[in-house]
Amino acid sequence: MEKASVLQSYSQTIPASMLVSAAYDGDAEKVVLKFYDPRNQEIHLWIDDTGHKPYCYSKASIQDLSILKDRKDIIEMKKEQKKDLISDTIIDVTKIIATNPLAIGGTSEDGIRNQIDAWEADIKYYENYLYDKGLTVGAFYEVKDSKIIPLHNPLPSDMLEALNPLLQVASPESKERLREQAELLSQSLVTIKRVSVDIEVTSSVEDRIPNPREAEEKVIAVGMVGSDGRKEVHLPDKGNDSSLQSPSEFEIVAHEDEKALLREVFRRISDYPFILTFNGDDFDLPYLYNRAKRLGFTKEEIPLSLGRDFASVKKGVHIDLYKTFSNRSIQIYAFGNKYSEHTLKGVSKGILGRSKIEFEGSISSLSPQELASYCYRDAELTFSLTSFSGDLLMKMLIVLARISKMPMDDVARVGVSQWIRSMLYFEHRRVGAIIPRRSEIEAKGGAVSEAVIKGKKYRGGLVFEPNAGVHFDVSVLDFASLYPSIISVHNLSYETVLCPHQDCRDNLLPGMKNWVCRKRKGIASMAIGSLRDLRLQYYKPLSKKDSLEEDEKALIGVVSQALKVILNASYGVMGAEIFPLYCLPVAEATATIGRFVITKTIEKCKEGGITVVYGDTDSLFLKGPTDEQIAGVMSWASKELGVALDLDKHYRFVAFSSRKKNYMGVLPDGTVDIKGLTGKKSHTPIFVKEIFQEAVNILSKVKSEGEFGQAREEIKTEVKKGYQNLKNKRVSLEHLAFNVMVGKEVGQYKSIPQHIKAAKLLDKGEREIKMGDIISYVKTKTPPGVKPISLANVEEIDQEKYLETLRSTFDQLLDALGYEFDEILGATKLEDFFWQS
DNA sequence: ATCTGTGGCCACCAGC
DNA sequence: GCTGGTGGCCAC
């Protein structure tokens, strides 16, 4: 194996650099590696000087195809020669594929050609290059004499201890894998030096975002907020305004002209290894680039480069937070759904509790002072999104880069399916396996089960009919990482499910006619399994300990969270067409075994005399079980089913309506869990939510059956009060607004839902309704029955509709408690109430 | 331009 | 008026 060589070498030794990014530069045919040195807070560039494209062939294919032994040969070979090579080696290759269980199908000449093509295409996956050089993204390296040496990180002793039971029983292969993963994930999380950049541009046409390709309009402000304390706004046109003064929070830097401003901003951008923007890929950075060119800057003078749909910093890393916060996995798992609109305004309001400065009219009408404050706030919010909770987001990105083997800026840009793709491709290279083509996997066929919901591909999790009513003393058990555990325990992977071996055919999966390989551990099963083991054996138990130091606790929390994200998605991607290792039989087998597991467990509970009041996919609600009973079920599940069952929580009482995925539970400390009820959903009007919340507060105080009567009276008062307010028009439009997101492009709708109707009323001018926008509308008595709040009037509110909403929202709650909504209101019929005083 | 899955509830739309 | 379909939001 060739030694790593570098074109640009540094005389001094960098003690601990972190590889944050690697990219193949197609034009220069070179690989650019970027290392972050936390001590010097700089990015060091290392460029491969071999003059060859990075190697792209897996070890097995190279070893097996003796004729291709020298990889340089094939790289330099002409197209015609490659054709010959293919026909010469076709027999050999066929043999290899036939004997290699990891390589399914592909025995035709066409198949081989496709394989070679795929290898070539693979060149762009520079991860190969990294793998050949023994480098992993996010890990620490020592750079000595122009050589990059991985820094060995011994496993912390507590981790070794926690993993020991697993390491004892594991095969040498999985043992090594687990150790490697553990070492990487336990490396420290460095603080990254960075600066946020936000620009403001004049707009000649009102409400029109200037085109960054043309960059015709002037840059009138650039805000920068850095981790080193930099807080400034750059303005062009010094001297125009002598009254301009820096406020206390930040500094105003005025320049001679726009050109001088850009020059200075570029100089500062080059000072930082990481640049943060909100939508900088599509707007701020391309705008700066093209504007600079328009003003006569040469390419070399601009520290930026533009891709097709992203922008990067030549000697650093650019992270576009807009893309990061648009990522659903990040939104839900990392930030607990605290924001719903993917704008700087929406995200910062949800996460930081602060927002943009609002103003009327166009940006050009602001005074320089106001403009500076506005621009500063945007830059400050952008920076704060990476710094809150002790740099939580930056740390999360480092950990995700380590797990996914993907550069940090890519992690921040792409979705979870690509993280997992990168992770699994890396695993293929580790074991020297050929990465299969989609058609080879698809040859296994589709699903055999029928989905409950029309239009879905296969049957998913089981949801049980809840026992309607109030249940005291309920314990909730759930399977820890059920689907990843099933994938791990049952060896589920695209190449092992329905494997080609005759003697595996009797190795049937529980509850299925499909079989699984018993000769070989599946790649996906191994990769997902090792992450699951780490999370369940080490990170999850540790995150519950209070004895940890702050720093340690933060690291554990971040890693644990990141593992959860990846593990949760790893099952889903197997059933997603966009995933290159898409394999329906794997997704289906996972869900089928899941149903088998929960069904058997419920049967077991019933045998033991335990009442199961509810269950959904991987959770069981048990009524008043003894500690021994719980322990019994747990040990039975882990022994018989191979999945760990945890005691998740204990409810003082749970109230189920007759609906699935709809309940309310009160924990011993009075905390209330509300699941699926309309009163908690984000689109429900605040007016309804507030009354609902009051009712929930009242219920949370109930400790015994006898106290419900009192609670009922109190709820009655609250609901009546709310309804009186509605009737007397004392409720504001904002409180009456339904807030619904535009889920698709306006033209794509097959029917016109209410929120779109409302938005179209708004849409008199050229203003378009964008996907992701949240429309606030109220229901009115006059056609078409809805109006955006900005156009509506309190007088035209359809009170009857709101009473309906109130009723159905409360029915979900009151059903469970055995009351009627009308009873609560004190009227027998809706109309009766309506005509009451 | 971007994309992990299925199950379930609710309100409304559109066609009969 | 009934009913299947659509769209949104949520549980897991």
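**Q** Run through the overall build of chain A, naming residues and quoting values.
**A** A count of helices and strands for chain A gives 28 helices and 22 strands. The burial tally for chain A puts 53% of its 837 residues in the buried class. Put simply, 67% of the contacts in chain A that link residues at least 6 apart link residues at least 24 apart. Here chain A has roughly 38,000 Å² of accessible surface; of this, 48% comes from carbon and sulfur atoms.

**Q** Run through the protein's contact with DNA strand B, naming residues and quoting values.
**A** For DNA strand B, the set of nearby residues contains 35 residues, the closest of which are Gly460, Arg659, Lys757, Lys779 and Ser808. Near the protein, within 4 Å, the atoms of DNA strand B are sugar or phosphate in 80% of cases. One nitrogen or oxygen atom from the main chain of Gly415 is found 3.3 Å from a phosphate oxygen belonging to DNA strand B. Ile453 places a main-chain nitrogen or oxygen 3.2 Å from a phosphate oxygen of DNA strand B. Those elements that place two or more of their residues in the surface near DNA strand B are helix H15 (416-431), helix H19 (550-574), helix H25 (754-762) and helix H26 (799-817). Counted by class, the surface near DNA strand B contains eleven nonpolar, 13 polar and eleven charged residues.

**Q** Can you break down the nonpolar core residue by residue, with the values?
**A** Counting residues in each nonpolar core, the largest one holds 154 residues, and the members touching the most others are Leu33, Phe274, Ile319, Phe325, Met408 and Trp419. At 19 residues, the largest contribution of residues to this core is made by helix H13 (residues 368-404). With sequence-adjacent residues up to four places away left out, Phe274 is seen in contact with Val20, Tyr36, Ile43, Ile192, Lys193, Arg194, Val195, Val317, Ile319, Met394 and Met408. Ala711, Leu736, Tyr802 and Tyr819 belong to the second-largest nonpolar core, a separate cluster that totals 50 residues.

**Q** An account of the pattern of salt bridges is needed here, citing residue identities and associated values.
**A** Pairs can form between side chains of opposite charge once their charged atoms are near each other. Taken as a whole and assessed by the stated rule, the structure comprises 26 salt bridges. Glu427 serves as the salt-bridge partner of Arg177, at 2.7 Å between the closest nitrogen and oxygen. With Arg177 in helix H7 (residues 172-185) and Glu427 in helix H15, this residue pair connects regions lying 250 residues apart in the sequence. It is possible to trace a salt-bridge network through shared partners that takes in Arg230, Glu232, Glu264, Arg267 and Arg268.

**Q** Tell me about the protein's contact with DNA strand C, residues and numbers included.
**A** Contacts to DNA strand C come from 22 residues, most closely from Lys454, Asp618, Ser682, Tyr749 and Lys750. Of all atoms in DNA strand C that approach within 4 Å of the protein, 93% are sugar or phosphate atoms. In the model, a phosphate oxygen of DNA strand C is placed 2.9 Å from a nitrogen or oxygen of the Lys454 side chain. Lys750 places a polar main-chain atom, nitrogen or oxygen, 2.9 Å from a phosphate oxygen of DNA strand C. Those elements that place two or more of their residues in the surface near DNA strand C are strand E19 (672-675) and strand E20 (738-741). Split into classes, the residues belonging to the surface near DNA strand C amount to six nonpolar, seven polar and nine charged.

**Q** Provide a residue-level description of the packing of aromatic side chains, including the pertinent values.
**A** Enumeration over the complete set of coordinates arrives at 27 aromatic pairs. Taking 5.1 Å as the distance between ring centres and 50° as the angle between the ring planes, the aromatic pair formed by Tyr614 and Phe656 counts as tilted. One end of the pair, Tyr614, is in strand E15 (residues 611-616); the other, Phe656, is in strand E17 (residues 645-656), and 42 residues separate them in sequence. Considered together, Tyr614 and Phe656 belong to a single accessibility category, that of buried residues. On the numbers, 5.8 Å between centres and 65° between planes, the contact of Tyr614 with Tyr663 is edge-to-face. One end of the pair, Tyr614, is in strand E15; the other, Tyr663, is in strand E18 (residues 663-666), with 49 residues separating them in the sequence. These aromatic residues form a ring-pair network of at least three members: Tyr614, Phe621, Tyr651, Phe656 and Tyr663. It is Lys405 that lies over the ring of Phe426; its NZ or CZ is 4.9 Å from the centre. The residue whose ring lies beneath Lys779 is Phe738, and the NZ or CZ to ring-centre distance is 4.5 Å.

**Q** Tell me about the packing of helix H6 (residues 157-169) against helix H18 (residues 523-543), and please be specific about residues and values.
**A** The interhelical angle for the contact between H6 and H18, taken along N-to-C directions, is 140°, at an axis separation of 10 Å. Of the possible angle classes, the one that applies to H6 and H18 is oblique. H6 and H18 meet at a crossing whose hand is right-handed. Along the contact surface, H6 presents Asp158, Met159, Ala162, Leu163 and Leu166, while H18 presents Asp533, Leu534, Gln537, Tyr538, Tyr539 and Leu542. For the contact of H6 with H18, the class distribution of residues is eight nonpolar, one polar and two charged.

Conventions adopted
- Residues numbered from 1 in each chain as written.
- Chains lettered and ligands numbered in written order.
- Predicted model: local features only at pLDDT ≥ 70, side-chain atom pairs only at ≥ 80, totals over all residues.
- Heavy atoms only, no water.
- Helix = DSSP H or I, 4+ residues; strand = E, 2+ residues; numbered from the N terminus.
- Buried < 20%, exposed > 50% of the residue type's maximum accessible area, 1.4 Å probe, protein only.
- Contact = heavy atoms within 4.5 Å.
- Areas by Shrake-Rupley, 256 points an atom, 1.4 Å probe, with all protein chains shown as cover.
- Near = heavy atom within 4 Å.
- Polar contact = N/O pair within 3.5 Å; in protein donor to acceptor, adjacent residues only side chain to side chain.
- Nonpolar A, V, L, I, M, F, W, Y, C, P; charged D, E, K, R; others polar.
- Core = buried A, V, L, I, M, F, W, Y, C linked by side-chain atoms within 4.5 Å.
- Salt bridge = Lys/Arg side-chain N within 4 Å of Asp/Glu carboxyl O.
- Phe/Tyr/Trp six-rings, centres within 6.5 Å; stacked < 30°, edge-to-face > 60°.
- Lys NZ or Arg CZ within 6 Å of the ring centre and 35° of its normal.
- Axes fitted to C-alpha atoms, helices over the stretch in contact; angles between N-to-C directions.
- Parallel < 35°, antiparallel > 145°, perpendicular 65-115°, else oblique.
- Left-handed = near helix turned anticlockwise from the far one by under 90°.

By themselves, these observations are geometric and do not establish any function.
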